[in-house]
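# An overview of the molecular structure
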Amino acid sequence: MNTIQKLEALFKQFPGIGPRQAKRFVYFLLTRNPSYLEELKSLIAELKKETSACQSCFRYFPNAKIKQSLCPTCSDQTREENVLMVVSYDVDFENIEKSGAFKGKYFILGGVVPILESEPEKKIRINELKKSIAARKSKGLGEIIFAFNTNPEGENTLDYVKEEIAEFAKVNNIKISTLGRGLSTGAELEYSDTETLKNAVKNRQ
Ligand SMILES: [Zn+2]
């Protein structure tokens, strides 16, 4: 493979990027000036060094100076401890947070469970979620809200996660809810507007 093909293959692994777009990215880079490419190169090299995964909610956050183990949301004492919102992706967290619809804590699963997946536990942080819920129980956790996209993969993820934690939730009297009306079928949280998210959180069921 030559350099163009190698880069193409890397871009093709990006979420939502097909072979044609991957090719366009490579040719776009070829038209840029050297300083653009230099900046891109150095930012990619720094990305993992300057970012950490929160040890509690698992989201990525900028953490260049004093290496914190908890992100600003998890270390915020004013946030409600009794309610936990579980989302698939960091972008879902960001959008819900931006809407101001929710004041509790979060957990990021890091993916979805595809339909007919034979090893769902390898696709999402289900074991980490179970540990997190168990640890939060002593801090007064009373409700878990599942906030997934309302597409088939999101629904499948919901079914799987619900079943995995049902027993623990029942024994410990933890309410399970999902984002309610207002989120139409096929909705993606990443692209939902503030009003829609506020209603979905308020009308959770
Ligand atoms: Zn966190």
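Conventions used here
Residues numbered from 1 in each chain as written. Predicted model: local features only at pLDDT ≥ 70, side-chain atom pairs only at ≥ 80, totals over all residues. Heavy atoms only, no water. Helix = DSSP H or I, 4+ residues; strand = E, 2+ residues; numbered from the N terminus. Buried < 20%, exposed > 50% of the residue type's maximum accessible area, 1.4 Å probe, protein only. Contact = heavy atoms within 4.5 Å. Donors = N, O, S within 2.8 Å, 3.2 Å for Na, K, Ca; no water. Tetrahedral: all angles 85-135°; square planar, octahedral: opposite > 155°, others 65-115°. Pairing = 2+ DSSP bridges. Axes fitted to C-alpha atoms, helices over the stretch in contact; angles between N-to-C directions. Core = buried A, V, L, I, M, F, W, Y, C linked by side-chain atoms within 4.5 Å. Domains from an automatic or database assignment. Left-handed = near helix turned anticlockwise from the far one by under 90°. Nonpolar A, V, L, I, M, F, W, Y, C, P; charged D, E, K, R; others polar. Parallel < 35°, antiparallel > 145°, perpendicular 65-115°, else oblique. Phe/Tyr/Trp six-rings, centres within 6.5 Å; stacked < 30°, edge-to-face > 60°. Lys NZ or Arg CZ within 6 Å of the ring centre and 35° of its normal.

## Side note on the overall build of the chain
Helix and strand counts for the chain stand at 8 helices and 6 strands. In the chain, the succession of helices and strands from N to C terminus is α-α-α-β-β-α-β-α-β-α-β-α-β-α. Residues classed as buried in the chain amount to 37% of the 205 residues present. Partitioning the intrachain contacts of the chain with sequence separation of at least 6 by distance along the chain shows that 52% fall at a separation of at least 24.

## Some points on the environment of Ala64
Within the secondary structure layout, Ala64 lies in the loop between β2 (60-62) and α4 (72-75). Between the C-alpha atom of Ala64 and that of Glu46, which follows or precedes it by 18 residues, the distance is 9.7 Å.

## Some remarks on the coordination of the zinc ion
Listed as protein donors to the zinc ion are Cys54 (SG), Cys57 (SG), Cys71 (SG) and Cys74 (SG); their distances from the metal cover 2.3 Å. Because the angles between the 4 donor atoms bound to the zinc ion fall within 107 to 115 degrees, the donor set is best described as tetrahedral. Motif for the zinc ion, donor spacing along one chain: C-x2-C-x13-C-x2-C. Of this pair, Cys54 sits in the loop between β1 (51-53) and β2 while Cys71 sits in the loop between β2 and α4; the two residues are 17 residues apart in sequence, bridging distant segments of the chain. Judged on exposure class, the residue Cys54 and its partner Cys71 are both buried.

## Let's talk about the sheet that holds strand β6 (residues 175-178)
Taken together, the 4 strands give an open sheet; going across it, the order is β4-β3-β5-β6, and neighbouring strands pair in parallel fashion. Each edge of the open sheet is held by one strand with a lone partner, namely β4 (105-108) and β6. When strand polarity is set aside, the average angle formed by the axes of neighbouring strands in this sheet is 25 degrees. In this sheet, β4 lies alongside strand β3 (residues 83-87) in parallel orientation, the contact comprising 4 bridges. Residue Val87 lies in a different strand from β4, and its bridge partner there is Ile108. Relative to the sheet, helix α5 (residues 90-99) contacts β3, β4 and β5 (143-147), its axis offset from that of β4 by approximately 160 degrees.

## Topic: the nonpolar core
Soluble globular proteins tend to pack their nonpolar side chains together in the buried interior. Core analysis: the largest hydrophobic core is formed by 22 residues, its most contacted members being Met85, Ile96 and Leu179. At the level of elements, β3, α5, β4, β5 and α8 (194-202) are the ones that each hand at least two residues to this core. Not counting chain neighbours up to four residues away, the residues in contact with Ile96 comprise Met85, Val87, Ala101, Phe102, Tyr106, Ala147, Leu189 and Leu197. Counting residues in each nonpolar core, the second largest holds 20 residues, with Val113, Ile126, Val161 and Ile174 among its members.

## Digging into the domain arrangement of the chain
Interface size is commonly expressed as the accessible area that is lost once the parts come together. Segmentation of the chain into domains returns domain 1 (3-47) and domain 2 (73-202). The gap between the C-alpha centroids of domain 1 and domain 2 is 33 Å.

## Looking at the packing of helix α6 (residues 126-137) against helix α7 (residues 152-171)
If you want to describe how two helices pack, look at the angle between their axes and the distance between the axes. As a packed pair, α6 and α7 sit with axes 11 Å apart at the nearest point and diverge in direction by 35 degrees. Relative to α7, α6 is oriented so that their crossing is right-handed. Residues Ile126, Leu129, Lys130, Ile133, Ala134 and Lys137 of α6 form the contact with α7, whose own contacting residues are Tyr160, Val161, Glu164, Ile165 and Phe168. Class assignment of the residues belonging to the contact of α6 with α7 gives a composition of 8 nonpolar, no polar and 3 charged.

## Things to note about the packing of α5 against α8
α8 packs onto α5 with a crossing angle of 90 degrees between their chain directions and a minimal axis gap of 9 Å. When the interaxial angle is binned, α5 and α8 end up roughly perpendicular. Residues Asn95, Ile96 and Ser99 of α5 form the contact with α8, whose participating residues are Thr194, Leu197 and Lys198.

## Considerations on the packing of aromatic side chains
Across all of its chains, the model carries 7 aromatic pairs by this definition. Between Phe102 and Tyr106, the ring centres sit 5.2 Å apart and the planes meet at 75 degrees, which makes this aromatic pair edge-to-face. Between the aromatic rings of Phe146 and Phe148, the centroid separation amounts to 5.7 Å while the plane-to-plane angle is 25 degrees, which identifies the pairing as stacked. Among the residues examined, Phe148 registers a relative accessible area of 7% and is labelled buried. In this structure an aromatic cluster arises from ring pairing among Phe11, Phe14 and Phe25. Directly above the aromatic system of Tyr36 lies the positively charged group of Arg32, at a separation of 5.7 Å from the ring centroid.

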